[in-house]
Amino acid sequence: MDVSARLVIATNNPGKLREFRELLDGCGFELVTPGELGVPFDPLETGSTFEENATLKAVAAMRATGCIALADDSGLEVDALDGRPGVHSARYAGPGRLDAALSDEDRVRVVLDELRGVPEGRRTARFRCVIAIATPDGEVRTVAGVFEGRIGDAPRGEHGFGYDPVFVVPELGMTSAELPPAQKNAMSHRGQAALKAREILRQISDGYPTT
Ligand code: IMP
């Protein structure tokens, strides 16, 4: 297959990759990871916004592989924690502390501990996702999605990844880890951003001007 028909999904996160395989099914590109192409991929996320980090990951993957690359930078913003863990969601270990060695379960516990005693009405939160698509001509386009909810009292559910077991979807009264994957994807920050990304991919594959 022509390398231009490949879309590199610039992530090492198996949960994200699983969701992208569903969300981008039938998009006209063969989804591959840097690892599957034998390319090491571990860029430093030095940006201070989701958009900056998504862009730097997409550009790094595009340069390393020569292919069109798609990166997601995402995270959880908790209002009672002044928006933390935010861009640091993947490594959050508490206020001002980052630790890449923590597990998803550890990070969930950190957030629940910080919210101990905070009543339900003040546990509002949202997942944000920015997707960047970088093409070999040097262009980068970004799209975003937001998923509003609140943080529950204890983990519930077996699906998803990351903070899903404590992210309650208010209209359903279920966590996003209790939702079947297709139902989470239909509502989620990543699902919304991926719908917009599919449109960009359609324009790219139609030969829509990218310069
Ligand atoms: P990133 O790789 O820097 O974008 O890290 C994103 C982090 O945000 C993940 O490791 C999760 O901790 C969290 N996160 C993002 N999206 C989701 C989601 O859909 N469910 C649960 N946690 C998420």
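This report concerns the structure included in the present document. Just so it is clear, the structure is predicted and the values come from calculations on it, not from any experiment. (Residues numbered from 1 in each chain as written. Predicted model: local features only at pLDDT ≥ 70, side-chain atom pairs only at ≥ 80, totals over all residues. Heavy atoms only, no water.)

## Considerations on the site of the ligand
Taken together, 18 residues lie around the ligand, and Lys-16, Glu-45, Asp-164, Lys-184 and Arg-190 are the ones closest in. Between the ligand and Ser-74, the relevant distance is 3.0 Å, taken from an oxygen atom to a main-chain nitrogen or oxygen of the residue. When the ligand sits alone it has 490 Å² of accessible area, and the protein chains cover 95% of it. Counting residues per element, the ones that place at least two in the shell around the ligand are strand E3 (68–78) and helix H5 (189–205). (Near = heavy atom within 4 Å. Polar contact = N/O pair within 3.5 Å; in protein donor to acceptor, adjacent residues only side chain to side chain. Areas by Shrake-Rupley, 256 points an atom, 1.4 Å probe, with all protein chains shown as cover. Helix = DSSP H or I, 4+ residues; strand = E, 2+ residues; numbered from the N terminus.)

## Considerations on the nonpolar core
Nonpolar side chains in soluble globular proteins generally cluster together in the buried interior. If you look at the biggest cluster of nonpolar residues, it comprises 21 residues, and the most contacted ones within it are Leu-7, Ile-9, Leu-24, Leu-70, Ile-131 and Ile-133. Going through the elements one at a time, strand E1 (6–9), helix H1 (14–23), E3, strand E4 (124–134) and H5 are the ones with two or more residues in this core. Among all residues touching Leu-7, those that are not within four sequence positions of it are Leu-24, Phe-29, Glu-30, Leu-31, Val-32, Ile-68, Ala-69, Leu-70 and Leu-201. If you look at the next biggest cluster of nonpolar residues, it comprises 19 residues, including Val-111, Phe-127, Phe-167 and Leu-179. (Core = buried A, V, L, I, M, F, W, Y, C linked by side-chain atoms within 4.5 Å. Buried < 20%, exposed > 50% of the residue type's maximum accessible area, 1.4 Å probe, protein only. Contact = heavy atoms within 4.5 Å.)

## Focus on helix H2 (residues 50–65)
An ideal rise of 1.5 Å per residue puts 22 Å on 16 residues; H2 measures up with 22 Å between its terminal C-alpha atoms. By the burial criterion, the buried members of H2 are Phe-50, Asn-53, Ala-54, Lys-57, Ala-58, Val-59, Ala-61, Met-62 and Thr-65. In this structure, the buried residues of H2 make contact with E1, H1, E3, E4 and strand E5 (140–151). Just beyond H2, the residue with positive phi is Gly-66, at close to 80°. (Expected span 1.5 Å × (residues − 1).)

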